[in-house]
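Fold and geometry: a report
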Amino acid sequence: MSETLKRLSAEGVSIWLDDISRERLRTGNLEQLVREKNVVGVTSNPTIFAKALGKGSAYDDQVRDLAVRGVDVEEASRAITTYDIRWGCDVLRPVYDRTEGLDGRVSIEVDPRLARETEKTVAEARALWWMVDRPNLFIKIPATVEGLPAITAALAEGISVNVTLIFSLERYGQVIDAFFEGLEKARANGLDLSKIASVASFFVSRVDTEIDKRLDKIDSEEAAKLRSKAGVANARLAYALYEEKFGSDRWQALKDAGARPQRPLWASTGVKDPNLPDTLYVDELIAPGTVNTMPEATLEATADHAEVRGNTVQGAYDEARAHMRALADVGVDYDDVVRVLEDEGVEKFEASWSEMLGTIRRELEDKAPGGGGA
């Protein structure tokens, strides 16, 4: 195993893989990454499933059976994705047991078309929780305004939640409050709080992509100096907020009742700008009690040459605040940035979901009795 990955884990960072596919599961690749790369969790999203379904033949047999049964495309998508997630949960189960439920988690996202509909999101979360039926599952719910009460409702029923698409500090604070409320309701419902887990996925590289685009339009020397630093600064301030919220009396009461904290998870950690170090969002976001979910390319780069130099978050709050002030001074509107990013995030996942459904629809038609591939 890479010494770099060992050191990163020793700093309190849980290494998760931001990818899953039937091929990865079937070949034993995921087990290999757990064994050799210190991977202790897996995240998925609609884009990942769209890519997995769009190549290879790993899904052919299941799709053929679904076509013969006459299953519609919506239910076929659930059957296909939950099959992979259930398998992934079984692969990660030894990690879940070894870490007493801290890691070994696998995430599946609710249909992103429901991101603005609270009741349907809760209903879908229940359905996915039931279909996968594994204790180390996370249901991903987006941190939209409508998603916040859905997060609370799911947690109140004992469903573990990965809150996704968090970009702003204000929304992150609301996510933590929704987590607290969900656990308070779960406690009132008589549930064992130690069995309920959650992470909050705070997106990083997309913040730099959007802000750098705006800085380039400003086209000044001051603006140029601020490029490619906002994603890390924003995430570091999120960790400061995490420390503040989880140092409160409200949290202490839940902790005394057996609750575990909702860990910050750094998402979108693959570097988009080729001019930046490919491990930037790993090197600069090392802090205890965090998760970094990496695309495989970032995982490999981290294993090879990441700079693990201790905690790079907690001593940098003043610098992060100064950077965000400097962005405002040159004319970058933070509130508009995070609003655009949330809207785009939902839209991109909706597009990927539609792409996935289109692939499944074509495969079902092709493999149906009398179809082109029958």
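Residues numbered from 1 in each chain as written. Predicted model: local features only at pLDDT ≥ 70, side-chain atom pairs only at ≥ 80, totals over all residues. Heavy atoms only, no water.

In plain terms, the rule: UniProt positions are given in the numbering used here, feature names are shortened, and annotations may be inferred rather than shown by experiment.
Looking at an unreviewed UniProt entry, one finds the protein named Transaldolase, with Actinomadura miaoliensis as its source organism. Listed in UniProt under the heading Pathway (unreviewed entry), the comment for the protein reads: "Carbohydrate degradation; pentose phosphate pathway; D-glyceraldehyde 3-phosphate and beta-D-fructose 6-phosphate from D-ribose 5-phosphate and D-xylulose 5-phosphate (non-oxidative stage): step 2/3." As stated in UniProt under Sequence similarities (unreviewed entry), the record for the protein gives "Belongs to the transaldolase family. Type 2 subfamily."

Quick notes on the pattern of salt bridges
Inclusion rule: For this document, the term salt bridge refers to a Lys or Arg side-chain nitrogen within 4 Å of an Asp or Glu carboxyl oxygen. Only protein chains enter the accessibility calculation, which uses a 1.4 Å probe; a residue is then buried when its area is under 20% of its type maximum, exposed when over 50%, and partly exposed in between. Numbered from the N terminus, helices here are DSSP runs of H or I no shorter than four residues, and strands are runs of E no shorter than two.
Inspection of the entire model under this criterion finds 40 salt bridges. The partner of Arg-24 in a salt bridge is Asp-19, with the nearest N and O atoms 2.6 Å apart. Across the pair, Asp-19 and Arg-24 agree in class, each one buried. Arg-78 is the salt-bridge partner of Glu-75, the closest N and O atoms lying 2.6 Å from each other. In this pair, Glu-75 and Arg-78 both sit in helix α6 (residues 73-98), three residues apart, roughly one turn of the helix. The class of Arg-78 is buried, set by a relative accessible area of 18%. A single network of salt bridges, built from pairs that share partners, joins Arg-116, Glu-146, Arg-171, Glu-210, Lys-213, Arg-214, Asp-336, Arg-339, Glu-342 and Asp-343.

Some words on the environment of Ser-21
Where we set the bar: Residue contacts follow a heavy-atom distance rule, with two residues in contact if any of their heavy atoms lie within 4.5 Å. Between N or O atoms, a polar contact is any pair within 3.5 Å; within protein, one atom must be a potential hydrogen donor and the other a potential acceptor, and residues adjacent in sequence are included only when both atoms are from side chains.
Checked against the element boundaries, Ser-21 lands in the loop between β1 (13-17) and α2 (22-26). The exposure class of Ser-21 is buried, given its relative accessible area of 13%. Filtering out sequence-adjacent residues up to four positions away, Ser-21 remains in contact with Ala-52, Tyr-59 and Asp-84. Within the local environment of Ser-21, its side chain forms a polar contact with the backbone nitrogen of Arg-24, the two atoms lying 3.0 Å apart.

Describing the packing of helix α3 (residues 29-36) against α6
The condition that has to hold: Throughout, an axis means a line fitted to C-alpha atoms (over the contacting stretch in the case of helices), and angles, computed between N-to-C directions, take values from 0 to 180 degrees. Roughly parallel here means an angle under 35 degrees, roughly antiparallel means over 145, roughly perpendicular means 65 to 115, and every remaining angle is called oblique. Handedness of a crossing is defined here by the sense of rotation of the near helix relative to the far one, left-handed for an anticlockwise turn of less than a right angle and right-handed for a clockwise turn. Under this grouping Gly is polar, as are all residues other than the nonpolar Ala, Val, Leu, Ile, Met, Phe, Trp, Tyr, Cys and Pro and the charged Asp, Glu, Lys and Arg.
Remark: α3 packs on α6, axes separated minimally by 10 Å, with the N-to-C direction vectors making an angle of 20 degrees. By the criterion of interaxial angle, the relationship of α3 to α6 is roughly parallel. Every pair of crossing elements has a handedness; the one defined by α3 and α6 is right-handed. Residues Leu-30, Glu-31 and Val-34 of α3 form the contact with α6, whose own contacting residues are Gly-88, Val-91, Leu-92 and Val-95. Taken together, the residues of the contact of α3 with α6 sort by class into five nonpolar, one polar and one charged.

A closer look at the nonpolar core
General note: in soluble globular proteins, nonpolar side chains tend to be found buried as a group. Rules: To define a nonpolar core, start from buried Ala, Val, Leu, Ile, Met, Phe, Trp, Tyr and Cys residues and group those joined through side-chain atoms within 4.5 Å.
Core analysis: the largest hydrophobic core is formed by 123 residues, its most contacted members being Ile-85, Ile-139, Ile-141 and Tyr-172. In contact with Ile-141, other than residues within four places in its own chain, are Val-110, Thr-121, Ala-125, Gly-147, Ala-150, Ile-151, Ala-154, Val-161, Asn-162, Val-163 and Thr-164.

Points about the packing of aromatic side chains
This is how it is decided: Aromatic pairing here means that ring centres of Phe, Tyr or Trp (its six-membered ring) are within 6.5 Å. Orientation follows from the plane angle: under 30 degrees is stacked, over 60 is edge-to-face, and everything else is tilted. Our definition puts a charge over a ring when NZ of Lys or CZ of Arg is within 6 Å of the ring centre and also within 35 degrees of the ring normal.
Under the counting rule described, the total for this entry stands at twelve aromatic pairs. With a centroid separation of 5.2 Å and an interplanar angle of 75 degrees, the aromatic rings of Phe-180 and Phe-246 are classed as edge-to-face. You can see Phe-180 sitting in helix α9 (residues 169-188) and its partner Phe-246 sitting in the loop between α12 (230-245) and α13 (249-256), a full 66 residues away along the chain. Across this residue pair, the class does not change: Phe-180 and Phe-246 are buried. Here the aromatic rings of Phe-246 and Trp-251 are separated by 5.0 Å at their centres, their planes lie at 70 degrees, and the arrangement is edge-to-face. As far as burial versus exposure is concerned, Phe-246 and Trp-251 are alike and both buried. Following the ring pairs from residue to residue traces out a cluster consisting of Phe-179, Phe-180, Tyr-239, Tyr-242, Phe-246 and Trp-251. The ring of Phe-138 has Arg-105 lying over it, and the distance from NZ or CZ to the ring centre is 5.1 Å.

What to know about the sheet that holds strand β4 (residues 137-142)
Selection criterion: Two strands are said to pair when DSSP picks up at least two bridges between them.
The eight strands lie next to each other as β1-β2-β3-β4-β5-β6-β7-β8, forming a closed barrel whose pairing is parallel. Each strand of the sheet is rotated relative to its neighbour by a mean of 30 degrees, with strand direction disregarded. Here β1 pairs with strand β2 (residues 39-42) via three bridges, running parallel. Its bridge partner being in β2, Trp-16 is matched across the sheet by Gly-41.

Quick notes on unusual backbone geometry
With a phi close to 55 degrees, Asp-133 is a non-glycine residue in the positive phi region. Secondary-structure assignment places Asp-133 in the loop between α7 (118-132) and β4. Positive phi is not limited to glycine here, since Ser-228 has a value of about 65 degrees. Note that Ser-228 resides in the loop between α11 (221-225) and α12. For Ser-228, a relative accessible area of 11% corresponds to the buried category.

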